[in-house]
Amino acid sequence: MGYERISDANEITARYMDSILIEERLIDSVVASTKTEFFGTEFDSPVMTPAFSHLGKYGDRQLTGLEEYSIAAKELNILNFVGMTENDWFRKVIDTGAKTVRIVKPYADHGKVIDQMKYAEAAGAFGIGMDIDHIFGENGLDVVIGEEMAEQTSEMLREYVELTSLPFVVKGVLSVADAVKCADIGAKAIIVSHHHGRLPYAVPPMMVLPKIKEALKGRDVKIIVDCGIASGADVYKALALGADAAAVGRSMLPSLEADAAEGVRGFIGHVTNELRFIMSCTGFATVREIDDSCIYVKAG
Ligand SMILES: Cc1cc2nc3c(=O)[nH]c(=O)nc-3n(C[C@H](O)[C@H](O)[C@H](O)COP(=O)(O)O)c2cc1C
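From a predicted model like this one, the values you see are computed outputs, not experimental measurements.

**Observations concerning the overall build of the chain**
1) Next: Helix and strand content of the chain: 9 helices and 16 strands.
2) Next: Taking 300 residues into account, the globule formula puts the C-alpha radius of gyration at 19 Å, and the chain, at 19 Å, falls close to it.
3) Next: The C-alpha extent of the chain, read off along each of the three principal axes, is 55 × 45 × 45 Å.
4) Next: Within the chain, the fraction of its 300 residues that count as buried is 53%.
5) Next: For the chain, restricting intrachain contacts to residue pairs at least 6 apart in sequence, the fraction spanning at least 24 positions comes to 67%.
6) Next: Summed over all atoms, the accessible surface of the chain reaches about 13,700 Å², with 51% contributed by carbon and sulfur.
7) Next: Placing the 30 positive and 44 negative side-chain charges of the chain at their respective mean positions leaves the two points 2 Å apart.

In structure tokens:
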């Protein structure tokens, strides 16, 4: 055998992440601040929770996993996300008081899409959106937990944007082409993501980010990134390469499972502290200032 072939996008993404290196700029640097503005609101960190679905109760605990990590998001004053849920579960998340963006699935049942978005707005969501990377499956259109998905056109996405006064977020953007379409239909943020490796050989979000950043210059669209974000160094690299914020994903699950909201608070708190340390060591006093001037991509 000549060489080992790797189609798993999670592994490709991890390898690319680890090829990105950081230089130091210590003289005249100060302790950095991780405060971040997002949709006109100030948050304490650009680290966000992931849009997760169906995290039920762990053991004999009182609250669902979705509520537990949402409580951590509120306590940390960071932006919270939730994925595929029915309205009653979404209500529980909102009742934690976390500022939450609801990511609705691209259901074939168009009425359900509209209902969930309207419900989210009425319940007090911070934003709404859709994960477009769950439209297709290997048998054609995807079926998620028994529910059929549907193709989504630019016109449909524009309809969702116009349905609400909340910021609309498109999750699962992995190309300049889709990013520009999101800007054109009036989305206020995109999440650059391959949804933990749905697409074989998916380009690492970190690799496509600089091109997307360039394409969206002056378009008033925030860029969030996820997939394989597990440390402050990962968040720093994301911000340096063009993101405004980054979401942890499965990296948060062991802390959630072990110690509920407190575990997530500890984990994301640690990620934020490491981000602040690296910002301080590279001469960026604020999140807004971070650019790619301290970044090296190792060849090979
Ligand atoms: C248990 C679980 C449930 C998820 N549910 C959703 C969902 O309902 N909607 C969505 O957009 N993404 C969902 N995701 C994907 C995450 O939001 C995120 O894109 C992904 O986990 C990032 O990759 P990472 O885990 O490698 O960080 C889910 C992921 C996991 C592990």
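We are not done yet, so read on.
**Digging into the site of the ligand**
1) Next: As a structural note, the neighbourhood of the ligand is formed by 17 residues, with Ala-51, Met-84, Lys-171, Asp-226 and Arg-250 the closest of them.
2) Next: Interatomic distance of 2.9 Å between a side-chain N/O atom of Lys-171 and an oxygen atom of the ligand.
3) Next: Here a nitrogen atom of the ligand sits 3.2 Å away from a polar atom, N or O, in the side chain of His-195.
4) Next: Out of a free accessible area of 610 Å², the ligand has 89% covered by protein chains.
5) Next: Residues belonging to the shell around the ligand are distributed by class as follows: 5 nonpolar, 7 polar and 5 charged.

Conventions we followed
Residues numbered from 1 in each chain as written. Predicted model: local features only at pLDDT ≥ 70, side-chain atom pairs only at ≥ 80, totals over all residues. Heavy atoms only, no water. Helix = DSSP H or I, 4+ residues; strand = E, 2+ residues; numbered from the N terminus. Rg over C-alpha atoms; globule rule 2.2 N^0.38 Å. Buried < 20%, exposed > 50% of the residue type's maximum accessible area, 1.4 Å probe, protein only. Contact = heavy atoms within 4.5 Å. Areas by Shrake-Rupley, 256 points an atom, 1.4 Å probe, with all protein chains shown as cover. Lys, Arg positive; Asp, Glu negative; His and termini not counted. Charge placed at Lys NZ, Arg CZ, Asp CG, Glu CD. Near = heavy atom within 4 Å. Polar contact = N/O pair within 3.5 Å; in protein donor to acceptor, adjacent residues only side chain to side chain. Nonpolar A, V, L, I, M, F, W, Y, C, P; charged D, E, K, R; others polar.

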